[in-house]
Amino acid sequence: MIVEPVVLTRHPVRLEPLTMAHEAGLRAAAADGALWTLRVTSVPEPDATGAYIDKALAQQAAGTRLPFAICLCDTNEVVGSTSYHDLVPEIDRLEIGYTWIARRWQRTAVNTSCKWLLMAHAFETLGAQLVGWRTDALNLVSQAAIERLGARRDGVLRHHMARRDGSVRDTVMYSMTAAEWPAARERLAQGLAQ
(Lines give C-alpha, C1' and ligand atoms only; values in the text may rest on other atoms or scores of the structure.)
Protein backbone atom coordinates (compact mmCIF):
# COMPACT_ATOMS: atom_id res chain seq x y z
CA MET A 1 0.00 0.00 0.00
CA ILE A 2 1.66 3.18 -1.22
CA VAL A 3 -0.17 6.33 -0.09
CA GLU A 4 0.76 9.30 -2.27
CA PRO A 5 -0.81 12.72 -2.95
CA VAL A 6 -3.73 12.49 -5.36
CA VAL A 7 -6.74 14.57 -6.41
CA LEU A 8 -10.08 12.83 -5.78
CA THR A 9 -13.35 14.18 -7.20
CA ARG A 10 -17.01 13.33 -6.78
CA HIS A 11 -19.52 16.13 -7.09
CA PRO A 12 -19.93 18.29 -5.03
CA VAL A 13 -16.34 18.01 -3.73
CA ARG A 14 -12.77 17.75 -4.87
CA LEU A 15 -10.09 16.63 -2.44
CA GLU A 16 -6.75 18.24 -3.26
CA PRO A 17 -3.40 17.58 -1.57
CA LEU A 18 -3.16 20.23 1.15
CA THR A 19 -0.66 23.04 0.53
CA MET A 20 -0.04 26.53 1.88
CA ALA A 21 -2.05 27.81 -1.10
CA HIS A 22 -5.16 26.61 0.80
CA GLU A 23 -4.40 28.70 3.90
CA ALA A 24 -6.78 31.62 3.21
CA GLY A 25 -9.62 29.24 2.37
CA LEU A 26 -9.04 27.16 5.51
CA ARG A 27 -8.91 30.34 7.58
CA ALA A 28 -12.36 31.33 6.28
CA ALA A 29 -13.73 27.81 6.75
CA ALA A 30 -12.52 27.63 10.36
CA ALA A 31 -14.07 31.04 11.10
CA ASP A 32 -17.45 29.90 9.71
CA GLY A 33 -19.18 28.86 12.92
CA ALA A 34 -16.20 29.48 15.25
CA LEU A 35 -15.36 25.79 14.92
CA TRP A 36 -12.12 26.08 16.89
CA THR A 37 -14.16 26.72 20.05
CA LEU A 38 -15.68 23.24 19.97
CA ARG A 39 -14.11 21.13 22.70
CA VAL A 40 -14.29 17.85 20.77
CA THR A 41 -12.59 18.88 17.52
CA SER A 42 -9.09 19.80 16.37
CA VAL A 43 -10.10 22.70 14.12
CA PRO A 44 -7.44 25.42 14.18
CA GLU A 45 -8.16 28.99 15.17
CA PRO A 46 -8.35 31.06 11.98
CA ASP A 47 -5.01 32.76 12.70
CA ALA A 48 -3.39 29.35 13.28
CA THR A 49 -4.29 27.74 9.95
CA GLY A 50 -0.75 28.25 8.63
CA ALA A 51 0.68 26.34 11.60
CA TYR A 52 -2.01 23.67 11.11
CA ILE A 53 -0.92 23.20 7.50
CA ASP A 54 2.77 23.17 8.49
CA LYS A 55 2.10 20.39 11.01
CA ALA A 56 0.04 18.36 8.54
CA LEU A 57 2.78 18.66 5.90
CA ALA A 58 5.46 17.67 8.44
CA GLN A 59 3.40 14.56 9.27
CA GLN A 60 3.09 13.89 5.54
CA ALA A 61 6.89 14.16 5.16
CA ALA A 62 7.24 11.69 8.06
CA GLY A 63 4.96 9.23 6.25
CA THR A 64 2.19 9.23 8.87
CA ARG A 65 -0.46 11.43 7.24
CA LEU A 66 -1.78 12.50 3.84
CA PRO A 67 -3.78 15.74 4.29
CA PHE A 68 -6.34 17.10 1.82
CA ALA A 69 -8.15 20.40 1.34
CA ILE A 70 -11.88 19.94 0.76
CA CYS A 71 -12.91 22.14 -2.19
CA LEU A 72 -16.28 22.65 -3.82
CA CYS A 73 -16.28 21.57 -7.47
CA ASP A 74 -18.55 24.39 -8.65
CA THR A 75 -16.79 27.33 -6.98
CA ASN A 76 -13.32 26.06 -5.91
CA GLU A 77 -14.11 27.34 -2.39
CA VAL A 78 -12.08 25.62 0.33
CA VAL A 79 -14.58 24.42 2.95
CA GLY A 80 -12.44 22.26 5.23
CA SER A 81 -9.83 19.56 5.51
CA THR A 82 -9.56 15.80 5.91
CA SER A 83 -6.73 13.27 5.97
CA TYR A 84 -5.53 9.75 5.77
CA HIS A 85 -3.48 9.16 8.92
CA ASP A 86 -1.92 6.47 11.08
CA LEU A 87 -0.74 4.79 7.91
CA VAL A 88 0.47 1.19 8.37
CA PRO A 89 1.47 0.05 4.86
CA GLU A 90 2.91 -3.26 6.11
CA ILE A 91 -0.59 -4.49 6.92
CA ASP A 92 -2.57 -2.35 4.44
CA ARG A 93 -4.24 -0.27 7.16
CA LEU A 94 -4.98 3.44 7.44
CA GLU A 95 -7.38 5.77 9.18
CA ILE A 96 -9.51 8.66 7.97
CA GLY A 97 -9.68 11.68 10.22
CA TYR A 98 -8.67 15.23 11.00
CA THR A 99 -11.92 16.03 9.20
CA TRP A 100 -13.59 19.36 9.68
CA ILE A 101 -15.95 21.34 7.50
CA ALA A 102 -17.20 24.94 7.62
CA ARG A 103 -20.44 25.14 9.58
CA ARG A 104 -22.61 26.13 6.59
CA TRP A 105 -21.54 22.97 4.71
CA GLN A 106 -22.15 20.58 7.59
CA ARG A 107 -25.10 18.20 7.23
CA THR A 108 -24.85 18.40 3.44
CA ALA A 109 -23.45 15.94 0.91
CA VAL A 110 -19.95 17.38 1.46
CA ASN A 111 -18.86 15.12 4.33
CA THR A 112 -20.41 11.93 2.95
CA SER A 113 -18.89 12.61 -0.47
CA CYS A 114 -15.46 13.13 1.12
CA LYS A 115 -15.72 9.88 3.05
CA TRP A 116 -16.93 8.01 -0.04
CA LEU A 117 -13.95 9.29 -2.04
CA LEU A 118 -11.43 8.42 0.68
CA MET A 119 -12.91 4.98 1.32
CA ALA A 120 -13.18 4.11 -2.39
CA HIS A 121 -9.59 5.20 -3.01
CA ALA A 122 -8.33 3.35 0.06
CA PHE A 123 -10.04 0.06 -0.70
CA GLU A 124 -10.14 0.06 -4.50
CA THR A 125 -6.88 1.78 -5.46
CA LEU A 126 -4.54 1.50 -2.48
CA GLY A 127 -5.63 -2.01 -1.55
CA ALA A 128 -6.34 -1.21 2.08
CA GLN A 129 -7.62 -4.16 4.06
CA LEU A 130 -8.91 -1.99 6.90
CA VAL A 131 -9.92 1.67 7.22
CA GLY A 132 -10.29 3.09 10.71
CA TRP A 133 -11.77 6.16 12.37
CA ARG A 134 -11.46 7.60 15.85
CA THR A 135 -13.42 10.29 17.64
CA ASP A 136 -13.90 11.84 21.05
CA ALA A 137 -16.34 9.87 23.22
CA LEU A 138 -18.22 13.15 23.80
CA ASN A 139 -18.61 13.81 20.06
CA LEU A 140 -21.90 12.04 19.51
CA VAL A 141 -22.48 13.77 16.16
CA SER A 142 -19.21 12.39 14.79
CA GLN A 143 -19.96 8.91 16.14
CA ALA A 144 -23.36 8.90 14.44
CA ALA A 145 -21.81 10.07 11.16
CA ILE A 146 -19.16 7.33 11.26
CA GLU A 147 -21.80 4.71 12.01
CA ARG A 148 -23.89 5.91 9.04
CA LEU A 149 -20.90 5.09 6.83
CA GLY A 150 -21.27 1.46 7.85
CA ALA A 151 -18.23 1.39 10.13
CA ARG A 152 -18.15 -0.97 13.10
CA ARG A 153 -17.58 0.36 16.60
CA ASP A 154 -14.50 -1.49 17.86
CA GLY A 155 -14.25 -0.09 21.37
CA VAL A 156 -13.08 2.77 23.54
CA LEU A 157 -9.54 3.76 24.46
CA ARG A 158 -9.95 5.24 27.90
CA HIS A 159 -7.91 8.27 29.01
CA HIS A 160 -6.37 8.36 25.53
CA MET A 161 -5.58 11.93 24.42
CA ALA A 162 -5.42 15.46 25.74
CA ARG A 163 -8.00 17.92 24.45
CA ARG A 164 -6.98 21.49 23.70
CA ASP A 165 -8.57 22.62 26.99
CA GLY A 166 -6.26 20.29 28.95
CA SER A 167 -8.89 17.67 29.81
CA VAL A 168 -8.28 14.09 28.72
CA ARG A 169 -10.62 12.38 26.31
CA ASP A 170 -11.73 8.81 25.85
CA THR A 171 -11.47 7.84 22.17
CA VAL A 172 -14.06 5.72 20.36
CA MET A 173 -12.49 3.54 17.65
CA TYR A 174 -14.29 2.37 14.49
CA SER A 175 -13.26 0.31 11.47
CA MET A 176 -14.39 -1.18 8.19
CA THR A 177 -12.76 -4.11 6.40
CA ALA A 178 -12.29 -4.51 2.67
CA ALA A 179 -14.93 -7.26 2.73
CA GLU A 180 -17.45 -4.85 4.28
CA TRP A 181 -16.77 -2.07 1.77
CA PRO A 182 -18.96 -3.25 -1.18
CA ALA A 183 -22.17 -3.18 0.89
CA ALA A 184 -21.22 0.17 2.45
CA ARG A 185 -20.34 1.57 -0.97
CA GLU A 186 -23.76 0.63 -2.36
CA ARG A 187 -25.62 2.10 0.63
CA LEU A 188 -23.61 5.35 0.47
CA ALA A 189 -24.05 5.67 -3.30
CA GLN A 190 -27.82 5.33 -2.90
CA GLY A 191 -27.83 7.97 -0.17
CA LEU A 192 -25.74 10.38 -2.23
CA ALA A 193 -28.00 9.87 -5.26
CA GLN A 194 -31.06 11.07 -3.32
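The structure this text deals with has already been given above.
Because the structure is a prediction, the values reported are computed rather than measured.

> It is not clear to me how the environment of L188 should be interpreted in this structure. Could you clarify?
Structurally, the position occupied by L188 is in helix α5 (residues 181–193). Remark: the alpha-carbon pair of L188 and M119, spanning 69 residues in sequence, is separated by 11 Å. Those residues in contact with L188 that lie beyond four places of it in its chain are T112, W116, M119, R148, L149 and W181.

> In this structure, what is going on with the nonpolar core? I would like to understand it.
Generally speaking, soluble globular proteins have nonpolar side chains that are buried together. The biggest cluster of nonpolar side chains holds 37 residues, and the ones touching the most others in it are Y84, L94, M119, W133 and W181. Of the residues forming this core, the biggest block, 10 residues, is contributed by helix α3 (residues 109–126). Membership of the second largest hydrophobic core comes to 14 residues, among which are L26, A30, Y52 and I53.

> Help me out: how do you make sense of the packing of helix α1 (residues 23–31) against helix α2 (residues 49–61) in this one?
Angle between the axes and distance between the axes are the two parameters that describe a pair of packed helices. α2 packs onto α1 with a crossing angle of 115° between their chain directions and a minimal axis gap of 9 Å. For the pair α1 and α2, the crossing hand works out as right-handed. In this structure, α1 contributes E23, L26 and R27 to the contact, and α2 contributes T49, G50 and I53. Here the residues of the contact of α1 with α2 sort into 2 nonpolar, 2 polar and 2 charged.

> How do you make sense of the sheet that holds strand β3 (residues 65–72) when you look at a structure like this?
Two orientations exist for strands paired in a sheet by backbone hydrogen bonds: parallel and antiparallel. Reading across the sheet, the 8 strands line up as β1-β2-β3-β4-β5-β6-β8-β7 and stay open at both edges, with mixed pairing between neighbours. The open sheet has two edge strands with one neighbour each: β1 (8–10) and β7 (152–162). Averaged over all adjacent pairs, the angle separating strand axes in this sheet is 25°, with direction ignored. Packing against the sheet, α1 makes contact with β4 (78–88) and β5 (93–101), and its axis sits at approximately 100° to β4.

> I would appreciate a short explanation of α5 in the present structure.
In an α-helix there are 3.6 residues to a turn, and that puts residues three or four apart on one side. Helix length check: α5, at 13 residues, gives a terminal C-alpha distance of 18 Å against a target of 18 Å (1.5 Å per residue), a fit within 8%. Restricting attention to buried positions, one finds in α5 the residues W181, A184, L188 and L192. Buried residues of α5, viewed axially, fall in a sector of 65°; they line one side. Here the buried face of α5 lies against β1, α3, α4 (140–148) and β8 (168–177).

> What exactly am I supposed to notice about the packing of aromatic side chains here?
Geometrically, a pair of aromatic rings is defined through the distance of the ring centres and the angle of the planes. Within this structure, the stated rule accounts for 3 aromatic pairs. Look at Y52 and W100: their rings are 6.1 Å apart centre to centre, the planes differ by 80°, and that puts the pair in the edge-to-face class. With Y52 in helix α2 and W100 in strand β5, the pair connects residues that are 48 residues apart, well separated along the chain. Here F123 and W181 contribute two aromatic rings whose centre-to-centre distance is 5.6 Å and whose plane-to-plane angle is 25°, an arrangement assigned as stacked. Taken as a pair, F123 in helix α3 and W181 in helix α5 lie far apart in primary sequence, 58 residues in all. Above the ring of W116, the side-chain terminus of R10 is found at 4.2 Å from the ring centroid. Its end group placed over the ring of Y98, R65 keeps NZ or CZ at 3.6 Å from the ring centre.

Calculation notes
- Residues numbered from 1 in each chain as written.
- Predicted model: local features only at pLDDT ≥ 70, side-chain atom pairs only at ≥ 80, totals over all residues.
- Heavy atoms only, no water.
- Helix = DSSP H or I, 4+ residues; strand = E, 2+ residues; numbered from the N terminus.
- Contact = heavy atoms within 4.5 Å.
- Core = buried A, V, L, I, M, F, W, Y, C linked by side-chain atoms within 4.5 Å.
- Buried < 20%, exposed > 50% of the residue type's maximum accessible area, 1.4 Å probe, protein only.
- Axes fitted to C-alpha atoms, helices over the stretch in contact; angles between N-to-C directions.
- Left-handed = near helix turned anticlockwise from the far one by under 90°.
- Nonpolar A, V, L, I, M, F, W, Y, C, P; charged D, E, K, R; others polar.
- Pairing = 2+ DSSP bridges.
- Expected span 1.5 Å × (residues − 1).
- Arc of directions from axis to C-beta.
- Phe/Tyr/Trp six-rings, centres within 6.5 Å; stacked < 30°, edge-to-face > 60°.
- Lys NZ or Arg CZ within 6 Å of the ring centre and 35° of its normal.

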